[in-house]
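# Overview (structure and organization)
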Amino acid sequence: MNGLQFELERLLRHPETITDPSRERQTDRHLFFATVLSILVGAGLFGMALATSRGGLQLLYSSIKMPFVCLITLAFVTPALAAISDVFHRTLTLANAAVLMLTAAARASLILLALAPVVWLAFDHGLSYHRGIIVACFCYGIAGLEALRIIKLAFGNSTRSFAIIGVFSLVLLPAGAQTAWLLRPYLGRPSQTEVPFLRGKESSFNQSVSRSLTSSVEYSE
Amino acid sequence: MNILELVALYVAAGSISAFVLHRKKPTTGRAKYLNWLLALFLWPLWLPVALACVETKPEDSHPNASNTERTLLQAYDAVKGTPLEKLLPKEAVERISRELRNVVARDRELSQLLAQPNFDLQIARERVTELERCRASTRALTMAKRHVEDVERLAALHARDRQLLAELGDWLMTLRTQLVLARYSASNAEGVSDIFAEVCSRVEVLGSTLEEPNLVLPEPPTLSCPSTFF
């Protein structure tokens, strides 16, 4: 338990020591548990705060699905980070890539945890469904910036590092967006009478974005 | 490929991961189930971390010792039962080990203490500046300044311990190498005594501040409360 507490404290206070490649590897096991715990609690409670607009079963579903989106995305993209780093001659072992991504996701989840009461308050004051989605996106953006900061800490400020992060973003963003898309809804549409665990597949994230863009252009004309 | 097939494939890969991990590092009890569960469902993340932990774990004959103490014990292991043992006697090793454990415990305690916001030097100094700016009472200012001095002394003590421990670690490493070399190559072990003397002097410095100080506590003030308070 002490090891877990130590790693949680390190995650909160000194994340830069985690991204140091020369760190003690024996503690990675505790670090793994600490990061997964942070993701489960942070993202889970944020999901729950989002679902307060709908309430009922949606609270449970969102609190389960939100951490899963994070972990499933990490599982898909972590090997890609190791491979991309290798291509750019910055050797990053798979274990280090996993630790780095988990740390970044854990910090992002902690940011979401901090923002959860604000979102909750907003919904409690009658924030509408569509505005709620925009607020949620804004929160993801802030959390994403923290994750990016952690990744940048690990790679440094060289041009090569920016290239690695840039190329990796091309993998992470679509993978994360599509995973989140598959596991929606998180807020629950007010018009729906029943709360589904997963919505029907309908289309992909890309198709949905292009359809929304087209309709918004037509609407403005 | 539909989603069910994909999940089946993922879990199948997870089962293989769990099996590989179990072969590499057999565990029992709750840890075993946790390992299986993580390997089954989070294998792309858990497997590299768990395997890296297994691969980097050294063969450790002194699992509860700190790095410095471990070096000392390994040095003793190297000469135990040989004529060279008289250069590093068991009693001396036990004494140094005891001192090192005390120092490591103190180092841990000081690290935890200095990590607290109340013992942050920057915050303490800002507090003094703030009190000076607000023209606070002399008593409050004196207390704040004394706190800054105490924190500075604690930080200096901590830094000195760290430096001495690092130096001691280097000397012990050299001692171990010399002893192993003397044992296997029958080379001259003359330097060993000098190194051992260096180690002992550093341990003495570290231990000197650990001895119980002769504290002279002031008499507590006697408060006479009016009986109407009760």
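Cut-offs applied
- Each residue is numbered by its place in its chain's sequence as written, counting from 1.
- The order in which chains are written sets their letters, starting at A; the order in which ligands are written sets their numbers, starting at 1.
- Residue-level local features of this predicted model are given only where pLDDT is at least 70; pairs of side-chain atoms are given and counted only at 80 or more, and the full residue set underlies all totals for whole chains, interfaces and linings.
- Hydrogens and water are ignored here; the side-chain numbers use all heavy atoms of the structure.
- Segments assigned H or I by DSSP are reported as helices when at least four residues long, segments assigned E as strands when at least two residues long, and all are numbered from the N terminus.
- As used in this structure description, the phrase polar contact means that two N or O atoms lie within 3.5 Å; if the pair is within protein, one of them must be able to donate a hydrogen and the other to accept it, and residues adjacent in sequence are counted only when both atoms belong to side chains.
- Definition used in this section: a nonpolar core is a set of buried Ala, Val, Leu, Ile, Met, Phe, Trp, Tyr and Cys residues joined via side-chain atoms within 4.5 Å.
- When a residue's accessible area, from a 1.4 Å probe over protein chains only, is under 20% of the maximum for its type it is buried; when over 50% it is exposed; and in between it is partly exposed.
- Note on contacts: a residue pair is in contact if any heavy atoms of the two residues lie within 4.5 Å.
- Working definition: a ring pair exists when centres of Phe, Tyr or Trp rings (six-membered ring for Trp) sit within 6.5 Å. Plane angles under 30 degrees give stacked, over 60 give edge-to-face, the rest tilted.
- For a Lys NZ or an Arg CZ to count as sitting over a ring, it must be within 6 Å of the ring centre and within 35 degrees of the ring normal.
- Think of a 1 Å grid over just the protein atoms. A cavity is a set of points where a 1.4 Å probe fits yet cannot get out, a pocket is an open set with protein on both sides within 12 Å along at least five of seven lines, and lining residues have an atom within 4 Å of a point.
- Grid points are joined across faces, edges and corners, and a volume is the space filled by probe spheres set on the points.
- Classes in brief: Ala, Val, Leu, Ile, Met, Phe, Trp, Tyr, Cys and Pro nonpolar; Asp, Glu, Lys and Arg charged; the others, Gly included, polar.

Looking at the secondary structure, you find S158(A) in the loop between helix 6 (129-155) and helix 7 (159-182). Here the side chain of S158(A) touches S161(A) through a polar contact of 2.8 Å, side chain to side chain.

If you look at the biggest cluster of nonpolar residues, it comprises 61 residues, and the most contacted ones within it are F32(A), I39(A), F46(A), L50(A), L81(A), L102(A) and F155(A). Broken down by secondary-structure element, the contributors of at least two residues to this core are helix 3 (28-50), helix 4 (57-87), helix 5 (94-124), helix 6 and helix 7 of chain A together with helix 1 (3-24), helix 2 (29-41) and helix 3 (43-56) of chain B. In terms of residue count, helix 5 of chain A provides more of this core than any other element does, 16 residues in total. Residue contacts for F32(A): discarding those within four places in its chain leaves L102(A), L38(B), L42(B), L45(B), W46(B) and V49(B). In terms of nonpolar packing, the next biggest core, distinct from the first, is built from 26 residues, L84(B), L100(B), L164(B) and V203(B) among them.

Moving on: the packing of aromatic side chains. For any pair of aromatic rings, the description consists of the separation of the ring centres together with the inter-plane angle of the planes. Tallied over the entire structure, the rule returns six aromatic pairs over all chains. Taking the centre distance of 5.4 Å and the plane angle of 40 degrees together, the rings of Y10(B) and W43(B) count as tilted. Taken together, the residues Y10(B) in helix 1 and W43(B) in helix 3 connect sequence positions 33 residues apart. Every member of this aromatic cluster is reached through a ring pair, and the members are F32(A), F33(A) and W46(B). Cation over ring: K65(A) sits above F197(A), and NZ or CZ is 5.4 Å from the ring centre.

What follows concerns the layout of surface pockets. Residues and elements named next belong to chain A. When its volume is computed, the second largest pocket comes out at roughly 1,600 Å³. Lining the second largest pocket are 50 residues, with V69, Y140, G176, A177 and A180 sitting closest to its centre. Counting residues per element, the ones that place at least two in the lining of the second largest pocket are helix 3, helix 4, helix 5, helix 6, helix 7 and helix 8 (205-220). The element that contributes the greatest number of residues to the lining of the second largest pocket is helix 6, accounting for 14 residues. Within the lining of the second largest pocket, the residues separate by chemical class into 34 nonpolar, 11 polar and five charged.

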